[in-house]
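# Observations on the model geometry
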Amino acid sequence: MHCVKCKIMYKRIEYQTIKTRLEEPKRFIQVVMGPRQVGKSTVVRQVLTDLEKPYQLFSADNVPATNSAWVSDCWAATRTLMEIKGYKSIILVIDEIQKISNWSEVVKKEWDDDVFHNRQIKVLLLGSSRVLLEKGLSESLAGRFEEIRMTHWSYSEMKECFGYSLDQYVFYGGYPGAAVLINDEERYQQYIQSSIIDATINKDILMDTPVGKPALLKQTFELGAAYSGQILSLNKMVGSLQDAGNTATLSGYLNLLNECGLLCGLQKYSIDTARRKASIPKLQVYNNALKTVFTPLTFDQAILDRKEWGRIFESAIGTYIVSQAFVKRFEVYYWRERNDEVDFILRKKDSVVAIEVKSNTAKSTLGLNKFKELFKPKTAFVVGDGGISAEEFLSMDLNKLF
């Protein structure tokens, strides 16, 4: 395992994008969004250090949500510093911006004031709750911003930075902060539970969204994560959760979990939108650590259990697909008709790609052939036994498939 220092030194692909945009003349507000603990703040600090330009960095993490004047205070401090020091331009960075209610209206007011007075303040905003960010951006800041989307670490990144093997990535997923803990199962599990799951649910969802049954939201996540890679009807979920209410509640909770990069429910692929919306979801975590933290098996035990490892493997391939879909902006579905099934259907505009995951030779590919006959996808292939190797697939730029 490589050292922690690597995490600080390692530059993710977004480093270059952020650096280039901050070096350009001031045009748009830059918004870096993505789930917790994927290194958004780290990459921004790396850029600020290397740019050697003046900057001010603020974090809204512990600021009361109702204090929207705080955003204006950050701006005022930056303008004052710029004036006193005689800087021609300065960079203003605000982290966890979505915590502040009405943040987008205040940002719009201050940004427009800078534009009017020709102040060269370049603005970079960071946030971990996609839904709150996007809501604010579309409501108040239309035409004033560009998004830079970050997602979970890929196999290639974890291998290069921490020396992960493929099996380690499949089981432990891609959280850089957890990499140094994987030899101590208990510490590792506590980190995933408290720093990622609890922090996301408590800080990114419950603080900002009225949720009728917080305990149920957490149970929905735990059940969904345990079943990642499998199709599970909401009715069945209602049956196995205490005090579950109805399927509409669970469907709403799945949306919230999706918007903060924890868990999504993929819809069944269909040409008919209404049928798609009414389909049974296929559950999929965004990072396999979120699934395996709920398995009673250790890493060594899981590898020896063929059936369980098959499920973990399929979920790991799915994590890469849904994380890439968030960054590269394509849609992901599954397909099933009677006994025929295809694990993942990717769609961008009119281009469709079908992917079957095979963790062992026993699994048939009849579904893939049937799908090809019916829908004529641009390409269809197997990942795993008898197809593209998992290592190859997990290093591919999935955008190139379209």
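In short, a report on the structure. (Residues numbered from 1 in each chain as written. Predicted model: local features only at pLDDT ≥ 70, side-chain atom pairs only at ≥ 80, totals over all residues. Heavy atoms only, no water.)

We now examine the overall build of the protein. When its secondary structure is counted, the protein shows 18 helices and eleven strands. A compact globule built from 402 residues should have a C-alpha radius of gyration of about 21 Å, and the protein, at 22 Å, falls within 12% of that. The C-alpha extent of the protein, read off along each of the three principal axes, is 70 × 45 × 45 Å. Looking at the protein as a whole, 52% of its 402 residues qualify as buried. The long-range share in the protein, meaning contacts at least 24 apart out of those at least 6 apart in sequence, stands at 72%. As presented, the protein carries roughly 18100 Å² of accessible surface, and 49% of it is formed by carbon and sulfur atoms. Side-chain charges in the protein split into 53 positive and 48 negative, and the spacing between the mean points of these groups amounts to 4 Å. (Helix = DSSP H or I, 4+ residues; strand = E, 2+ residues; numbered from the N terminus. Rg over C-alpha atoms; globule rule 2.2 N^0.38 Å. Buried < 20%, exposed > 50% of the residue type's maximum accessible area, 1.4 Å probe, protein only. Contact = heavy atoms within 4.5 Å. Areas by Shrake-Rupley, 256 points an atom, 1.4 Å probe, with all protein chains shown as cover. Lys, Arg positive; Asp, Glu negative; His and termini not counted. Charge placed at Lys NZ, Arg CZ, Asp CG, Glu CD.)

Let's shift gears to the sheet that holds strand β8 (residues 331-337). Taken in spatial order, the six strands make up an open sheet running β7-β6-β8-β9-β10-β11, and their pairing is mixed. Of all the strands in the sheet, just β7 (282-285) and β11 (379-384) have a single pairing partner and so form its edges. For this sheet the average axis-to-axis angle between neighbouring strands, irrespective of direction, equals 35°. Here six bridges tie strand β10 (residues 351-358) to β11, and the two strands are oriented parallel to one another. (Pairing = 2+ DSSP bridges. Axes fitted to C-alpha atoms, helices over the stretch in contact; angles between N-to-C directions.)

This part covers the sheet that holds strand β5 (residues 145-149). What the five strands build is an open sheet, ordered β2-β3-β4-β1-β5; its pairing is parallel. Edge strands, defined here as strands with exactly one partner in the open sheet, are β2 (55-59) and β5. For this sheet, the mean inter-axis angle between neighbouring strands, taken without regard to orientation, is 15°. Bridge count between strand β1 (residues 29-33) and β5: five bridges; the pairing is parallel. From the neighbouring strand, V31 faces β5, where its bridge partner is E147.

With that settled, consider the pattern of salt bridges. Tallied over the full model, the rule gives 25 salt bridges. One salt-bridge network, in which partners are shared between bridges, spans R79, K109, E110, D113, D114 and R119. (Salt bridge = Lys/Arg side-chain N within 4 Å of Asp/Glu carboxyl O.)

Moving on, we get to the environment of W309. With respect to the secondary-structure elements, W309 resides in helix α16 (residues 306-328). Separated by 289 residues in sequence, W309 and T20 have C-alpha atoms that sit 42 Å apart.

For the rest of this paragraph, the subject is the pairing of β8. In the sheet, strand β6 (residues 263-268) pairs with β8 via two bridges, with the strands oriented parallel. Counterpart to K268 in the pairing with β8 is Y334. In this structure, β8 lies alongside strand β9 (residues 340-348), joined through six bridges in antiparallel fashion. By the bridge assignment, V332 is partnered in β9 with L346. The turn joining β8 and β9, which pair antiparallel and follow one another in sequence, is formed by two residues; a positive phi near 50° is taken by R338.

Residue A199 marks the point of greatest curvature in helix α9 (residues 185-206), where the axis turns by about 40°. Three or more residues of α9 are buried, namely Y188, Y191, I192, I196, I197, A199, T200, I201, D204 and I205. (Bend = angle between axes of the 7 residues up to and from the residue.)

Here we take up helix α12 (residues 247-259). Residues spaced three or four apart along an α-helix face the same direction, because each turn holds 3.6 residues. Between its first and last C-alpha atoms α12 spans 18 Å; for 13 residues at 1.5 Å apiece the expected length is 18 Å, and the two agree. Taken residue by residue, α12 has L250, Y253, L254, L256, L257 and N258 as its buried positions. G261 lies just past α12 and shows a positive phi near 75°. (Expected span 1.5 Å × (residues − 1).)

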